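# Working through the structure, step by step
So the chains spell out like this:
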Amino acid sequence: MSASQGIIDLRSDTVTKPTPAMRRAMAEAEVGDDVLGDDPTVKRLEALAAEMLGKEAALFVPSGTMGNLVSVLTHCGRGHEMILGADAHIFIYEQGGSAALGGVHPRPVPNQPDGSLDLAQVEAAIRPDNEHFPITRLVALENTHNRCGGRVQSVAYMDAAGELARRHGLRLHVDGARIWNAAVALGVSPARLLQAADSVSACLSKGLAAPVGSVVAGSAEFIRQARRNRKVVGGGMRQAGVIAAAGIMALTEMVERLAEDHANAQRLAQGLAELPGIAIDPATVETNLVIFSLEREDMTPQELADGLAERGVWLFPIGGKRLRAVTHYHITPEDIDRALLAFQEVLQA
Ligand SMILES: *Cc1c(COP(=O)(O)O)cnc(C)c1O
């Protein structure tokens, strides 16, 4: 089918390609000019996303990065402060866009190994009213937590963070790029998991395999303002129903099957735990991300990745001794077993 045929691509769930059903829906999508409010397929996607995420309204955006950016720009103005994890995607991987473009000051607090924030530390970071300080406006959480290995944040924790935010007059945003994985792993609806959140950004183009796009959800008034902010950052799209059609298939056909990706990630983690020189606790693998360490003096993570690539297995070193493998729609249990054989060969060589 492509140049990558035969490759076991564990670099990310973003490599997933649209399903045949998505391609058919895209070809047949009814479209219009969405900036003028005329695209019925985009409207259907937004209504469906709002319902699934348990919010009044939703907005289709081209990427998760834009979803987080317009959310932060909508909650905060210049000189406002956002409390978030020091390992948050928003803090590490989005060019500091909310500071660069919105003048929003980030206030990182450490992530715990399970991806959560210590809510006492969040509370301690809230600024008192004093002209020396920025004005705290927003708390941003991430679920599942990417850099912490796809860890799931529980309903109790999300509710407690929302309660803390409300008590201090703050807003709660959730970077839910993989909120679908979190909900499937917990066996709850995304709406319940996000009950305490004022806004969420959720990806359609990761594990759900849509080719493009994310959705932002929140109150009707929040989404009205977010729509303005999407336009100013260049995210107003015209006949976007062509891609929204794939997003609808992603939400209706591709969420429940994420459990298969989680089972494959667990299979990989248990296999890796048996290998000499690899450190991983399979109990910490809760969804589709598998982060492990290479504990060898005579081999670097890059050398391990290169050796695997020669055997058709692709993954990324992510700094220090760590590497990351991600399971997704195109990865089967047989692929996991083949990948583990490749690991054995490289580690023995
Ligand atoms: C991938 C990701 C994003 C950004 O999504 P893009 O569509 O790649 O811009 C945001 N947050 C988290 C946690 C992610 O994993």
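On a predicted model such as this, the values are computed, not experimentally measured, just so you know.

### Let's talk about helix H14 (residues 333-348)
Between its first and last C-alpha, H14 extends 23 Å over 16 residues, near the 22 Å set by a 1.5 Å rise per residue. Among the residues of H14, Asp335, Ile336, Ala339, Leu340, Ala342, Phe343, Val346 and Leu347 are the ones counted as buried. End-on view of H14: buried residues confined to an arc of 160 degrees, all on one side of the axis. Across H14 from its buried face, at more than 90 degrees, point the exposed residues Glu334, Leu341 and Gln348. Among the structural elements, strand S1 (8-9), helix H12 (258-273), strand S9 (278-279), strand S10 (289-294), helix H13 (301-310) and strand S11 (313-314) are those in contact with the buried residues of H14.

### Looking at the sheet that holds S10
Taken in spatial order, the four strands make up an open sheet running S9-S10-S13-S12, and their pairing is antiparallel. Lying at the two open borders of the sheet, with one neighbouring strand each, are S9 and strand S12 (316-319). Two strands pair when backbone bridges link them, and S9 and S10 are joined in this way by two bridges, in the antiparallel orientation. Across the sheet, residue isoleucine 278 finds its bridge partner in S10, namely leucine 294. Against the sheet, H12 contacts S9, S10 and strand S13 (322-326), and its axis sits at roughly 15 degrees relative to S10.

### Regarding the site of the ligand
Around the ligand sit 13 residues in total, of which Gly64, Thr65, Asn146, Asp175 and Lys206 are the nearest. In the environment of the ligand, an oxygen atom lies 2.6 Å from a nitrogen or oxygen atom belonging to the side chain of threonine 65. Measuring from a nitrogen atom of the ligand, one finds a side-chain N or O atom of histidine 89 at 3.4 Å. Burial of the ligand by the surrounding chains reaches 85%, relative to a free accessible area of 380 Å². Counting residues per element, the shell around the ligand draws most heavily on helix H3 (residues 64-75), at three residues. For the shell around the ligand, the residue count by class is two nonpolar, six polar and five charged.

### A few points about helix H8 (residues 179-186)
One turn of the α-helix equals 3.6 residues, which is why residues spaced by three or four share an orientation. Of all eight residues in H8, six are buried, a share of seventy percent or more. What H8 keeps buried is the set Ile179, Trp180, Asn181, Ala182, Ala183 and Val184. Of the surrounding secondary structure, the elements contacted by the buried residues of H8 are helix H2 (40-53), strand S6 (171-175), helix H9 (190-193), strand S7 (199-203), helix H11 (241-253) and H12. Once H8 ends, the next one or two residues include glycine 187, with phi positive near 70 degrees.

### Examining the sheet that holds strand S8 (residues 214-218)
Taken together, the seven strands give an open sheet; going across it, the order is S2-S8-S7-S6-S5-S3-S4, and neighbouring strands pair in mixed fashion. Strands with a single pairing partner mark the edges of an open sheet, and in this sheet they are strand S2 (57-61) and strand S4 (105-109). Put simply, the sheet's adjacent strands are angled 20 degrees from each other on average, direction ignored. Judged from the five bridges that link them, S2 and S8 form a sheet pairing that is antiparallel. Residue alanine 58 lies in a different strand from S8, and its bridge partner there is alanine 217. Of the strands in this sheet, S2, S7 and S8 touch H2, which is tilted by about 125 degrees from S2.

So, how was this worked out
- Residues numbered from 1 in each chain as written.
- Predicted model: local features only at pLDDT ≥ 70, side-chain atom pairs only at ≥ 80, totals over all residues.
- Heavy atoms only, no water.
- Helix = DSSP H or I, 4+ residues; strand = E, 2+ residues; numbered from the N terminus.
- Expected span 1.5 Å × (residues − 1).
- Buried < 20%, exposed > 50% of the residue type's maximum accessible area, 1.4 Å probe, protein only.
- Arc of directions from axis to C-beta.
- Contact = heavy atoms within 4.5 Å.
- Pairing = 2+ DSSP bridges.
- Axes fitted to C-alpha atoms, helices over the stretch in contact; angles between N-to-C directions.
- Near = heavy atom within 4 Å.
- Polar contact = N/O pair within 3.5 Å; in protein donor to acceptor, adjacent residues only side chain to side chain.
- Areas by Shrake-Rupley, 256 points an atom, 1.4 Å probe, with all protein chains shown as cover.
- Nonpolar A, V, L, I, M, F, W, Y, C, P; charged D, E, K, R; others polar.

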